[in-house]
Amino acid sequence: MRKLTASDQMLLQTGRYDLDDDGKPKLRYTAIDPMDRYVRCVCRNPDCWTNDLRPVREHMQAIIQAILSCGYRGLIDGGRNPWSGTVYALHMAVSIEDVFVDPSYIDESESALYCRPAWEYDEEQREQSSKYVAALSIFNFTWMAYEAAIENALGPKYSNDKVPVQARKFFKNADEQFWNAVLAFKGSYRVAKQISSRIPDLQGDIELIETKYGLTGAAAAAELVRIFRNHIFHGKDSTPLWGGLANVSHFYATTRLLLMLIQNLLLLKARDTESDIPLSLVIEEKDYKPARFLLLNLHRPEAQWPPNSTR
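Residues numbered from 1 in each chain as written. Predicted model: local features only at pLDDT ≥ 70, side-chain atom pairs only at ≥ 80, totals over all residues. Heavy atoms only, no water.

A word on the overall build of the chain
On a plain count of helices and strands, the chain comes out with 11 helices and 4 strands. Expressed as a percentage of its 311 residues, the buried residues of the chain come to 48%. At a minimum sequence separation of 6, the contacts of the chain that also span at least 24 residues come to 67%. Carbon together with sulfur atoms contributes 49% to the accessible area of the chain, which is approximately 16100 Å² in total. (Helix = DSSP H or I, 4+ residues; strand = E, 2+ residues; numbered from the N terminus. Buried < 20%, exposed > 50% of the residue type's maximum accessible area, 1.4 Å probe, protein only. Contact = heavy atoms within 4.5 Å. Areas by Shrake-Rupley, 256 points an atom, 1.4 Å probe, with all protein chains shown as cover.)

Some thoughts on the packing of aromatic side chains
The relation between two aromatic rings is expressed through the spacing of the ring centres and the mutual angle of the planes. Applying the stated rule across the entire model yields 11 aromatic pairs. Between Phe178 and Phe185 the ring centres are 5.1 Å apart and the planes differ by 70°, which places this aromatic pair in the edge-to-face class. Seen from their ring centres, Trp179 and Tyr189 are 5.9 Å apart, and the 70° between their planes marks the pair as edge-to-face. Here Tyr189 lies in helix α7 (residues 183-196) and Trp179 lies in helix α6 (residues 177-181), a separation of 10 residues in the sequence. Here Trp179 matches Tyr189 in class, with each residue buried. An aromatic cluster is defined as three or more aromatic residues linked by ring pairs; in this entry it consists of Tyr132, Phe139, Trp143, Tyr146, Phe228 and Phe251. (Phe/Tyr/Trp six-rings, centres within 6.5 Å; stacked < 30°, edge-to-face > 60°.)

As for the pattern of salt bridges
Counted by the stated rule, this structure contains 12 salt bridges. For Glu127, the salt bridge goes to Arg28, with nearest N and O atoms at 3.8 Å. One end of the pair, Glu127, is in helix α4 (residues 116-154); the other, Arg28, is in the loop between β2 (25-27) and α2 (56-72), and 99 residues separate them in sequence. Take Glu127: its relative accessible area is 13%, and that puts it in the buried class. Arg226 is the salt-bridge partner of Glu223, the closest N and O atoms lying 2.8 Å from each other. A residue pair is termed a helical-turn pair when its members lie 3 or 4 positions apart in one helix, as Glu223 and Arg226 do in helix α9 (residues 217-233) at 3 residues. (Salt bridge = Lys/Arg side-chain N within 4 Å of Asp/Glu carboxyl O.)

Things to note about the environment of Tyr17
Considering the arrangement of structural elements, one finds Tyr17 in strand β1 (residues 17-19). Owing to a relative accessible area of 23%, Tyr17 belongs among the partly exposed residues under this scheme. Distance from Tyr17 to Arg28, taken between C-alpha atoms, is 5.3 Å for residues 11 residues apart in sequence.

Quick look at the confidence of the model for the chain
Do not read the fine detail of predicted coordinates wherever pLDDT is low. A residue-level look at the chain finds 89% of positions with pLDDT of 70 or above and a mean pLDDT of 87. Of all secondary-structure elements in the chain, the lowest mean pLDDT belongs to helix α1 (residues 6-13), at 70, while helix α3 (residues 84-95) reaches the highest, 98. (pLDDT = per-residue confidence, 0-100.)

Side note on the packing of helix α5 (residues 163-173) against α9
In the contact formed by α5 and α9, the axes pass within 7 Å of each other and the chain directions differ by 165°. By the angle between their directions, the pair α5 and α9 is classed as roughly antiparallel. For the element pair α5 and α9, the recorded crossing hand is left-handed. For the pair α5 and α9, the contacting residues are Pro164, Val165, Ala167, Arg168, Phe171 and Lys172 in the first and Ala218, Ala219, Ala222, Glu223 and Arg226 in the second. Grouping the constituent residues of the contact of α5 with α9 by class yields 7 nonpolar, no polar and 4 charged. (Axes fitted to C-alpha atoms, helices over the stretch in contact; angles between N-to-C directions. Parallel < 35°, antiparallel > 145°, perpendicular 65-115°, else oblique. Left-handed = near helix turned anticlockwise from the far one by under 90°. Nonpolar A, V, L, I, M, F, W, Y, C, P; charged D, E, K, R; others polar.)

Concerning the layout of surface pockets
Counted as a void, the largest pocket has a volume near 170 Å³. Considering the residues around the largest pocket, the lining is formed by 13 residues, among which Leu202, Asp205, Arg226, Ile227 and Asn230 are closest to the centre. For the lining of the largest pocket, the elements supplying multiple residues, two or more each, are α8 (200-211) and α9. Here the residues of the lining of the largest pocket sort into 5 nonpolar, 3 polar and 5 charged. (1 Å grid on protein atoms, 1.4 Å probe; cavity = no way out; pocket = protein on both sides within 12 Å on 5 of 7 lines; lining within 4 Å. Points joined across faces, edges and corners; volume = space filled by probe spheres on them.)

What about helix α10 (residues 249-269)?
For α10, with 21 residues, the first-to-last C-alpha span of 30 Å sits near the 30 Å given by 1.5 Å per residue. Most of α10 sits inside the fold, with 19 of its 21 residues counted as buried. (Expected span 1.5 Å × (residues − 1).)

What to know about the nonpolar core
Formed by 91 residues in total, the largest nonpolar core has its most connected members in Tyr146, Phe171, Phe185 and Leu265. Contacts of Tyr146, omitting those with residues within four sequence positions, involve Ala167, Phe171, Ala222, Val225, Leu258, Leu261, Ile262 and Leu265. (Core = buried A, V, L, I, M, F, W, Y, C linked by side-chain atoms within 4.5 Å.)

Some words on unusual backbone geometry
In this model, Trp83 sits at a positive phi of 45°, which is unusual for a non-glycine residue. Structurally, Trp83 can be placed in the loop between α2 and α3. In this model, Tyr158 sits at a positive phi of 60°, which is unusual for a non-glycine residue. Looking at the secondary structure, you find Tyr158 in the loop between α4 and α5.

Following this line, the structure appears as structure tokens:
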């Protein structure tokens with residue numbers, strides 16, 4: 001077995017690394033490992049609707065590129081700096097690769113110095129808390145992107161209401177072309193609703209979305225994310241800081257739905273969806289597609305895009 005270097009020892013002290021068979025540090029986990037686990041089915045059914053989904057970070061990247069392309073072609077306001085609040089927040093979210101959290105920072109017992117079970121417990125809590133904080137951070141940045149997209153897309157309309165309510169009212173009165181055309185939008189709403197409904201504090205409000213208010217489609221999705229965000233913002237969520245596993249499925253399922261809603265707002269706001277736009281402004285060999293086709297397919301891997309179609 002090779003001799004550990006000073007760098008190796010520093011890595012091992014983080015708690016993220018074990019030694020492989022050759023005595024080299026290998027990463028045990030990153031805080032964002034669970035990101036796609038809850039929004040990609042493992043049924044292996046070739047017809048499963050989740051096969052139509054990009055990984056979450058790739059979806060964020062595709063939306064950023066589409067916003068920049070739409071601005072470049074004059075389909076939305078802002079020119080080469082369109083929807084800057086949305087681009088900024090999504091850029092922050094997509095940039096997160098790992099998070100380190102140490103709940104034992106405020107532990108004054110020093111039990112981990114003398115007791116191996118206590119040390120192992122602290123290590124487990126670092127892992128679970130790191131995964132929770134990563135999911136929370138990604139959700140929060142995506143929420144910021146969503147609110148900025150609402151403000152850019154709606155302008156002064158519905159300005160007497162809070163921003164998330166504006167989106168719900170807008171979607172209720174808007175053409176449901178996105179909801180009807182994108183199967184993965186319906187599936188993403190269903191998954192986010194199912195996971196969020198497991199939280200006792202949210203069950204009553206979620207039931208009212210359809211039973212009392214009669215919301216469907218993107219309007220129902222907008223109300224679901226609003227309810228979920230308020231739950232998080234008011235500190236009602238269960239965290240792993242004092243023991244237990246990190247519950248992050250609700251964050252990632254809602255993040256995926258927020259990305260779908262931003263995609264929908266971009267489609268509805270684009271001035272000329274038949275105009276061709278590039279997939280990326282930084283790739284030299286630009287591949288131009290009709291804007292409507294591109295915006296309806298941002299959530300899908302390019303290899304699965306239908307040929308010569310607007311759906």
